[in-house]
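Structural overview
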Amino acid sequence: MTHPVAMVVASAPGKCILFGEHAVVYGEPAVAVAIDQRVTISIKTHQKPGATWKLEGVPFIAEKHPHLEGLRKRLWHLSEQTPSLDIAINSKLPSAAGLGSSAALSVAFSAALRAARGRRVDEKGWCEGFSSELKTDPYNEPRRGHEAGFIRNGGRRLLGKDAIDEDECAILAHAIEAEVQKGRASPIDSSTVSHGGCTLLSDDFEKGLDWRYSRQLSTPEGKRNWEVHDVPVPQDDVWLVIGNTGKYSPTGKMVERVASMLAAEPERMNEIITIGSIARRGADALKKGNMEAVGICMTENHLLLRGLGVSSPELENLVKAAANYSLGVKLTGSGGGGCMIALTREPKQTAEAIELAGGRSIVTSLGTSGVRIDDDENVPFWTPGVADS
Ligand code: PMV
């Protein structure tokens, strides 16, 4: 059976962590903002069901793309019915640079797959998806459901944009990140890029902020719980200038390095806790719109990250160059290479200083919009039977 060509284009922004990277893996607070640069993914049906998927025109190799493969397993069971896909990715984010490119890719891909397959709802709500009555566990393989009540209850299918849910994209992307990072992943990237704006993760409910949801994960170091909040982004004439060292640095490796260091020297957990208190102060300053205080906290946070050993000579070089024009400077993301950020009212001078020091600069506003469907045609790509949910 062949299908008419159908397509979905979805995008999600990258993110910068303002405070708390690494410490957040151990349950400490962290704050991140969505940035203007986005990852766009388009999926199109091709050929017959069962044919090899293509990525950028060449056969898709699951082992090379664990984020995409993890989502495919959860949202697109290969069967007689499910069409094969042609996937194309257009990213304005450097990968493995601390800007959340893999979370943005995962969030955009989960949105695209959901828009393409649609979502069944009946009068009681969703019949499929992570919070449906199927009790699908996004951190593991999904269970196949048979809800006989669906048709009886006048079930219908939400399609395209209407099928998208930011929470679902965030939780699926977190599950995939956890899988790829050997169980150690906070939801900071996935939540920020899915919802957009500014996100605070904390071990507790924070007064004066909108609480979104809780997230739990069993990590090799024990169970973690994060309370995820929305932080209002101050309407201030302030910018982030990102300086990319151009040095590739995979998150998993850096997270593991910190984990081994803490296993060897448990007393250094104090540094993790101190990063947590800086993040709390930084979030408070952000809430009050005191950008000078936000900058000071960023710089203090950087000094602690440097102490943990996750900076690099390349990052230090760019941090030093940008410091003269900035309210605050720090590395962002897992470090070891990748990017630094400067909070500044002089974006042009800051960007020039970064470029002169040998970095590549990107200027962004703070807290852009989250995941979205940019286009769709002929959705759903196929109509799953009840047993295919
Ligand atoms: O993926 P990156 O480089 O943006 O870093 C993510 C932040 C970490 O705290 C280092 C890891 C995590 O899962 O929170």
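Quick caveat: nothing in here was measured; it's all calculated off a predicted structure. (Residues numbered from 1 in each chain as written. Predicted model: local features only at pLDDT ≥ 70, side-chain atom pairs only at ≥ 80, totals over all residues. Heavy atoms only, no water.)

Brief notes about the pattern of salt bridges
We apply this condition: Within this document, salt bridges are pairs made up of a side-chain nitrogen of Lys or Arg and a carboxyl oxygen of Asp or Glu, the two lying within 4 Å of each other.
This structure, assessed with the given rule, holds 21 salt bridges. One connected set of salt bridges, linked through shared partners, spans R114, R119 and E168.

With respect to the domain arrangement of the chain
Going by this rule: Residue ranges assigned to each domain were obtained from an automatic or database domain assignment. For this analysis, residues touch if any pair of their heavy atoms sits within 4.5 Å. Two parts placed together each lose some accessible area under a 1.4 Å probe, and adding up what both lose gives the buried area. Per the convention used, a helix needs a DSSP run of H or I reaching at least four residues, while a strand needs a run of E reaching at least two, with both numbered from the N terminus. Throughout, the ten residues Ala, Val, Leu, Ile, Met, Phe, Trp, Tyr, Cys and Pro are labelled nonpolar, Asp, Glu, Lys and Arg are labelled charged, and all others, Gly among them, are labelled polar.
When the domains of the chain are assigned, the result is domain 1 (7-230 + 370-377) and domain 2 (239-364). In this structure, domain 1 and domain 2 have C-alpha centres spaced 26 Å apart. Residue-level contacts link 35 residues of domain 1 with 44 residues of domain 2. A buried area of about 2,900 Å², summed over both sides, lies between domain 1 and domain 2, and 67% of it is on carbon and sulfur atoms. Counting every contact that joins domain 1 to domain 2 gives four salt bridges. K182 is the partner of E256 in a salt bridge, and the nearest nitrogen-oxygen pair spans 3.4 Å. Listing elements by their share of the side of domain 1 that touches domain 2, those giving two or more residues are β1 (7-19), β2 (30-46) and β9 (198-202). Counting residues per element, the side of domain 1 that touches domain 2 draws most heavily on β2, at six residues. Grouping the amino acids of the side of domain 1 that touches domain 2 by side-chain chemistry returns 18 nonpolar, eight polar and nine charged.

What to know about the site of the ligand
Definition in use: Put simply, a residue is near a molecule or strand once any heavy atom of it comes within 4 Å of that molecule or strand. As used in this structure description, the phrase polar contact means that two N or O atoms lie within 3.5 Å; if the pair is within protein, one of them must be able to donate a hydrogen and the other to accept it, and residues adjacent in sequence are counted only when both atoms belong to side chains. Here the accessible surface of atoms and residues is derived via Shrake-Rupley with a 1.4 Å probe, and residues count as covered only by protein chains that are part of the display.
Around the ligand, the surrounding shell holds 16 residues, and the nearest of these are K15, H22, S186, T251 and S334. Contact distances for the ligand include 3.3 Å between an oxygen atom and a side-chain N or O atom of D189. At 2.8 Å, a side-chain N or O of T251 approaches an oxygen atom of the ligand. Computed on the free molecule, the ligand has an accessible area of 370 Å², of which 97% lies beneath the protein chains in the complex.

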